[in-house]
Amino acid sequence: MDEQQDAIDRVAMALRAARRVAVLTGAGVSAESGLRTFRGATAADLPADMRALWAEFDPMKLATPEAFADDPAMVSKWYDWRRLGCLAAEPNAGHLALAEMQRRLEAGGGECVVITQNVDRLHQRAGCRRVVELHGTIIDWRCLACGIRSTPAPEPMPAHPMRTACCGALLRPDVVWFGEMLPEQAIRAAWDAAQTAEVFFAVGTSAIVQPAASLVGVASSAGATTVEVNVEETPASGAVDWALRGSSGTILPRIVERAWG
Ligand code: BJW
């Protein structure tokens, strides 16, 4: 039996025996849905135009509150372009496998919390019910003055930047930019899930953006079996019990299939 298959079997066994599971996901999980990651490699069979966003765009000019204050039109336009991409994308085999994992664990009286850094809502569209959105969502936008959220229509926004009907202030994506605090409730739910998980997965994340990247260590220190699924090595690879190399759309269905048949 090859080494990877043996590792998948052992992870599946741990999963079968567990009641509490937590899964941290990153942009790599959505790569096979055609959404570009921010950093790192993508699976070899994906098209060349899937190159990482931060290799083409400067995050400091787009993903900070200062960037939005300096050039709201450009930032709004870029996020609207990405929002439409997310709406056009479909969940892939990795998303569906996680939804199935959640269903199987819940059916057996257990629980599985999906903690995502992704803003695309593809986990929810795949059928996941318990999703913690650590970095917010690009699907909803909010008023910069009063914080009221709205869901723009699934078509290009009529202007950039948009002004809100409530306050006449600027409308911004409901995502977490660099230097901003993560939503308090999401942080609490994520830490709680990591501290109590018997099995913890880090899937498709470069594991460098804090505080999300700390969750693997939190779970490991609390005694969880830790598993990474990624096409390449990351700073978390050396710290996990099982580092599975390959695309999430291939590996996750194999794990679920081995665990529950
Ligand atoms: C596949 C695959 C396939 C490909 N299958 N795998 C401590 C130390 C140092 C710095 C900090 C610190 N604490 C806070 C900071 C600052 C900062 C930070 O972490 N900076 C780092 C760059 C070092 N963090 C923050 O500012 C956070 N706020 C905060 O901590 O507040 C308190 C505070 C503020 C200031 C100072 C100190 C404390 C907020 C972070 C917000 C991140 N926002 C973004 C943009 C969201 C909106 C948008 O969508 O535009 O979130 S940045 C971007 O990175 C996005 C992602 O959610 C996030 C993480 O990326 P992710 O998901 O890991 O994706 P990638 O692209 O990095 O990796 C993809 C992976 O998939 C790769 O490994 C591939 O190999 C793999 N892959 N295809 C499996 N098919």
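Residues numbered from 1 in each chain as written. Predicted model: local features only at pLDDT ≥ 70, side-chain atom pairs only at ≥ 80, totals over all residues. Heavy atoms only, no water.

## Digging into the site of the ligand
Item 1. Around the ligand sit 36 residues in total, of which Phe 38, Arg 39, Tyr 79, Thr 205 and Ser 206 are the nearest.
Item 2. Gln 117 is positioned such that a nitrogen or oxygen atom in its backbone is 3.0 Å from an oxygen atom of the ligand.
Item 3. Here the ligand has 1,500 Å² of accessible area as a free molecule, and 79% of this is covered by the chains.
Item 4. Elements represented by at least two residues in the shell around the ligand include exactly α2 (28-31) and α6 (72-88).
Item 5. Taken together, the residues that form the shell around the ligand break down as 16 nonpolar, 15 polar and five charged. (Near = heavy atom within 4 Å. Polar contact = N/O pair within 3.5 Å; in protein donor to acceptor, adjacent residues only side chain to side chain. Areas by Shrake-Rupley, 256 points an atom, 1.4 Å probe, with all protein chains shown as cover. Helix = DSSP H or I, 4+ residues; strand = E, 2+ residues; numbered from the N terminus. Nonpolar A, V, L, I, M, F, W, Y, C, P; charged D, E, K, R; others polar.)

## Focus: the side chain of Asp 120
Item 1. With respect to the helices, strands and loops of the structure, Asp 120 is situated in the loop between β2 (111-116) and α8 (122-126).
Item 2. Arg 125 provides the closest opposite charge to the buried, salt-bridge-free Asp 120, at an N-O distance of 7.4 Å.
Item 3. A distance of 2.6 Å separates the side chain of Asp 120 from the side chain of Ser 30, its partner in a polar contact.
Item 4. A polar contact of 2.9 Å, which involves the side chain of Asp 120, links it to the backbone nitrogen of Leu 122. (Buried < 20%, exposed > 50% of the residue type's maximum accessible area, 1.4 Å probe, protein only. Lys, Arg positive; Asp, Glu negative; His and termini not counted. Salt bridge = Lys/Arg side-chain N within 4 Å of Asp/Glu carboxyl O.)

## Re the packing of aromatic side chains
Item 1. Summed over the entire model, instances satisfying the criterion amount to eight aromatic pairs.
Item 2. Connected via pairs of aromatic rings, a cluster forms that spans Phe 38, Trp 54, Phe 57, Phe 68, Trp 78, Tyr 79, Trp 81 and Trp 177.
Item 3. Over the ring of Trp 177 we find Arg 172, and its NZ or CZ is 3.8 Å from the ring centre. (Phe/Tyr/Trp six-rings, centres within 6.5 Å; stacked < 30°, edge-to-face > 60°. Lys NZ or Arg CZ within 6 Å of the ring centre and 35° of its normal.)

## Structural notes on the pattern of salt bridges
When their charged atoms lie close together, side chains carrying opposite charge are able to pair.
Item 1. According to the stated counting rule, one finds 18 salt bridges in the structure shown.
Item 2. The salt bridge involving Asp 9 is made with Arg 258; its shortest N-O contact spans 2.7 Å. Placement of Asp 9 in helix α1 (residues 3-17) and of Arg 258 in helix α11 (residues 248-260) is noted, with a sequence separation of 249 residues between them.
Item 3. Accessibility expressed as a relative area gives 15% for Asp 9, which makes it buried.
Item 4. For Arg 121, the salt bridge identified is with Glu 133, shortest N-O distance 2.8 Å. One end of the pair, Arg 121, is in the loop between β2 and α8; the other, Glu 133, is in strand β3 (residues 131-133), and twelve residues separate them in sequence.
Item 5. On the basis of relative accessibility, which here comes to 23%, the residue Arg 121 falls in the partly exposed class.
Item 6. Shared partners join several salt bridges into a network, and the residues in it are Arg 20, Glu 111 and Arg 130.

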